[in-house]
Amino acid sequence: MSGLRYFTTLIFTLLSLHVLAGVLKGKVVDEHGAQLPYATLYLAGTTLGTTANSNGDFELTMAPGLYKVVCQYMGYEQASFNISFTGNELVEHKFVLKQQSLDMTEVVVSASTEDPAYDIIRSAIEKRQFHLNQVRSFQSSIYFKGVGRSRKMPEKFLGQKVKDETDNIDSLGSGVLYLAEEEADYYSDGDNEKTVIHSVHESGNQGGLGFSRFPPVITFYNNNVNVLGKDSRGFVSPVGDRALLYYKYKLLGQFDDHGHTIYKIRVTQRRNFEPCFNGIIYIVDSEWAIHSLNMTLTKQSGLDQLDTLKIDQVFLPMEKDNWVIKNQVLYLAINLLGFDITADGVAVYNNQKVNEAIPDSIFGSRASSEYDKTANKKDTSYWTGNRPIPLEKDERRDFVVKDSLVKKFSDPAHLDSLRRNGNKFKPLKLLLSGFTFNGPQYRDKYSTNSVLLGLTTPNMLNYNIVEGYNIAPKLSYRHMIDTGKLLFADLAMRYGFSNTHFNSVARIYYLDQDRAWLNRTWVYGIEGGKYVYQYNPENPVLPWFNTYSALLYRQNDLKIYERWDAAAVVARNYGNGLKWIVRAAYQQRLPLQNTTDYSFFKGDNGGYASNTPPNLVQAATAWVKNDAAILHASVSYKPVFTYTQYPDFKVANGSSWPLFSFTYDKGIPGIVNSVSNFDKWRFSIQNDVSLHLLGLLKYHFACGGFLNSAYVSIPDLMHLYGDRGIGYAAPYLQSFQFAQYYEFSNKAPLYGEGHIEYHLNGLLSNKIPLLRQARYYLLFGSNAFYSSQSNYYAEAFVGIDNIGWKLVRTVRLDFVQSWDSHMSHNSGFRFSFALPGSTPTNTNLMQSEW
């Protein structure tokens, strides 16, 4: 045989051996034939294996060889099966597990005798830090499957049809809502984490990306167990240092597991509404490690939005004193407004490595998750051959049905039909949320503001005492030039029926988004025209609320002026936490006066106050018609951003570090007729800090002032973000709850401002019967401003937030006490709704005063 021929034969022989693989499949049941969901199967002497699905079905692929397959399930005796594979055999086997027979130590437990479980738990607590520090680095391959199911749902919600044509939901509202499976490698060195996703399969979404990060291994060796994310309050571990203060324990018995004595202990919380688990934990004798556990959280555990959350974990011994995670199952349920939803996520870990060197290239970038280029391009045959957990009947059907529906509903003719249907004019929609019209292929979009409601954007119809009743339609246009390249055009018009002034302003902006880094953008824009503006450019007074207060209570807080404006803007977002904006404008400011004193009820409140409060006139250099050339620059930075690298682009994930912001405004005299002459600056730092079981601390501190105040007009003063609205929350960490809108405006050379809130998130309130049952949370805080002994304001408050029901918890009630330099001492209640979109930012690339 020639060398080439020998070599070729050898290669094909090795390849054929590589693809030879036997399959063991079957079911895991108990002695009565009941299926045992998510049972663990592994090869004896290794940590390699799989997990059964929720019906107890399993499938395990093995290369040729002799194996002993072990099957275990919490509360049942292990069973094993010896098997030998020489090729591509398919072997079926049913594991029948017997109820665990538990031995009980001869201990007499009386009223004065402690249950023996407490000594076991004390030993586990003493060894907790050892097991926590033992794993300095961890690597593992992961198979993860996430499924969301509906058990029941209404036909309509808020008048809208709930079920979509692409949903796999039956007439009773039952079916699979979401299904995805993924394969990945996970790395952690204690300080850094990274998930490398090799393949993803999302039902009904060809090319879907699934989960960029899987639910982490929940570590009960931590004193505080974070189940709902790093920023959540967390829950007390049943083997934490203070666990004995929160839990009661009962030894249910012990059994032998391959030479290890395992204690089965029931864990129950001592008091309702404490952040505690309930369930079963298995502890390994002498090593005092967690063998497995089944823990449940409910409303009585302090769960807020979910009704139930269950955690199952199984660990396998890798070496003495070192037990590694084999599988983890999370199950959650919520029943809200007629929707009965469940979800479960099962993760199977294989090829675990503990304290082995991780290649430097893994943490060479700030990517916390990274997809292979072909991760979302694997076909059905790949998953058929590589899926370690068999699909259940409804999952198989969901993949088939949704994949076929996607082909049907991605047809251009069908999409265009949906677009035309969505473009139909509906008067009620125009009144409440505005009207939107989409052009062919959604490349063009036209929209208006709403007529009556303006909770997050100004509405059309309003009233104030300068313009009287006024109509202010806003028209927006967006054109997609190419992927990531968008052209925006906005037109705002306004007519006051009392002062008979017509104003209009327009802007054109171009957005260029980096295709490879979606958060990285350039924005270029110009705007011009004449419009009505509030003195405070942050727009603290909502027009709809001013309409309500002026017509009903003769209280008009909206103070406005007219302004001719020509401006150019350039903005940059680097996608890594750094943003900046530069805006150059030439303005002509025109003072306005009251033209009406109309209201529904005359009452005893007297007349309306002037549109120009006297203290503003005193604070400003002058308030007359004037021209102003203004240069504005702002920059913000939030360090240590991480990002997710998808197959074709990456997206920033954010950072837990504080946000640092700096703004500078320059009034430049001598340009044409500009008289403005000032230099104003502001620096701020803000962040939310999780205190885990102790709650959440939020803060925002700022300082600033005028380096030069030769000519400062009213709009250029430093204004406090006041809040007199009842029923709508100004952004709490930027505003003052009882401060008058313009009473503390100034041009001081230096001022300081601070906002701090401590949200207890269930701490203390879980001791108060009415609050703990309703899951209302206490909070404390303070806001303060100081520029001089004659101009300061401070307030302190105690409140209750999280008021509402299940997912809908937007109400907050505060009792506020304020003090200021004008010898005012106000106290009272602030009742407000925290609505989405209510927090402005001075680095919003598309922000405009109007």
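Below is a summary of the structure that appears in this document.

**Describing the overall build of the chain**
- Each helix and strand counted, the chain has ten helices and 44 strands in total.
- Its C-alpha atoms give the chain principal-axis dimensions of about 95 × 80 × 55 Å.
- When burial is assessed residue by residue, the chain has 49% of its 850 residues classed as buried.
- Carbon and sulfur atoms make up 58% of the accessible area of the chain, which totals about 39,500 Å².

**Here we look at the packing of aromatic side chains**
- Following the criterion strictly, the structure yields 44 aromatic pairs and no others.
- Ring geometry for Tyr247 and Tyr249: centres 6.1 Å apart, planes at 45°, overall tilted. Judged on exposure class, the residue Tyr247 and its partner Tyr249 are both buried.
- When the centroid spacing of 5.8 Å and the interplanar angle of 80° are considered together, the rings of Tyr535 and Tyr742 count as edge-to-face. Taken together, the residues Tyr535 in the loop between β31 (521-534) and α8 (543-553) and Tyr742 in the loop between β39 (696-711) and β40 (751-759) connect sequence positions 207 residues apart.
- Using a relative accessible area of 4% as the deciding quantity, one classes Tyr742 as buried.
- Members of the aromatic cluster, joined through ring pairs, are Tyr531, Tyr533, Tyr535, Tyr561, Trp623 and Tyr742.
- The cationic tip of Arg507 hangs over the ring face of Tyr509; the distance from NZ or CZ to the ring centre is 4.6 Å.

**What about the environment of Ala413?**
- If you trace the backbone, Ala413 turns up in helix α6 (residues 412-422).
- Given a relative accessible area of 53%, Ala413 falls into the exposed group.
- For Ala413 and Lys650, which are 237 residues apart along the polypeptide, the C-alpha to C-alpha distance reads 32 Å.

**Some thoughts on a nonpolar patch on the surface**
- Residues Leu428, Leu431, Leu432, Leu452, Leu453, Leu461, Tyr469, Ile471, Phe497, Tyr598, Phe600 and Phe601 make up a contiguous nonpolar surface patch of about 1,100 Å² in total accessible area.
- Looking at the secondary structure, you find Tyr598 in the loop between β33 (578-590) and α9 (614-619).
- By relative accessible area, Tyr598 is classed as partly exposed at 37%.

**Section: the pattern of salt bridges**
- Applying the stated criterion across every chain, the model contains 34 salt bridges.
- Lys27 is the partner of Asp57 in a salt bridge, and the nearest nitrogen-oxygen pair spans 3.0 Å. Of the two residues, Asp57 sits in strand β4 (residues 57-62) while Lys27 sits in strand β1 (residues 22-30), which places them 30 residues apart along the sequence.
- Residue class for Lys27 comes out partly exposed when judged on its relative accessible area of 25%.
- By sharing partners, the salt bridges in this structure join Lys145, Arg149, Asp344, Glu392, Asp394 and Glu395 into a single network.

**Quick word on the sheet that holds strand β5 (residues 65-72)**
- One open sheet accounts for four strands, arranged β3-β2-β5-β6; its pairing is antiparallel. Every interior strand has two partners, whereas the edge strands, β3 (49-51) and β6 (79-85), have only one. Put simply, the sheet's adjacent strands are angled 20° from each other on average, direction ignored.
- Summarising the sheet, β5 and β6 pair through seven bridges and their orientation is antiparallel. By the bridge assignment for β6, Lys68 is matched with Asn82.

**Quick notes on the nonpolar core**
- By size, the foremost hydrophobic cluster in this structure holds 65 residues, and its most contacted members are Ile265 and Phe277.
- If you look at the next biggest cluster of nonpolar residues, it comprises 38 residues, including Tyr531, Leu717, Met718 and Phe736.

**Brief notes about the sheet that holds β1**
- Spatially, the three strands line up as an open sheet ordered β4-β1-β7, and their pairing is mixed. Of all the strands in the sheet, the pair left with one neighbour each is β4 and β7 (90-97). Adjacent strand axes in the sheet meet at a mean angle of 25° when their direction is disregarded.
- As defined by bridge partners, β1 adjoins β7 across eight bridges and the pair is classed as parallel.

Definitions and cut-offs
- Residues numbered from 1 in each chain as written.
- Predicted model: local features only at pLDDT ≥ 70, side-chain atom pairs only at ≥ 80, totals over all residues.
- Heavy atoms only, no water.
- Helix = DSSP H or I, 4+ residues; strand = E, 2+ residues; numbered from the N terminus.
- Buried < 20%, exposed > 50% of the residue type's maximum accessible area, 1.4 Å probe, protein only.
- Areas by Shrake-Rupley, 256 points an atom, 1.4 Å probe, with all protein chains shown as cover.
- Phe/Tyr/Trp six-rings, centres within 6.5 Å; stacked < 30°, edge-to-face > 60°.
- Lys NZ or Arg CZ within 6 Å of the ring centre and 35° of its normal.
- Patch = residues over 30% accessible without salt bridge, like charges linked within 9 Å, V, L, I, M, F, W, Y side chains within 5 Å.
- Salt bridge = Lys/Arg side-chain N within 4 Å of Asp/Glu carboxyl O.
- Pairing = 2+ DSSP bridges.
- Axes fitted to C-alpha atoms, helices over the stretch in contact; angles between N-to-C directions.
- Core = buried A, V, L, I, M, F, W, Y, C linked by side-chain atoms within 4.5 Å.

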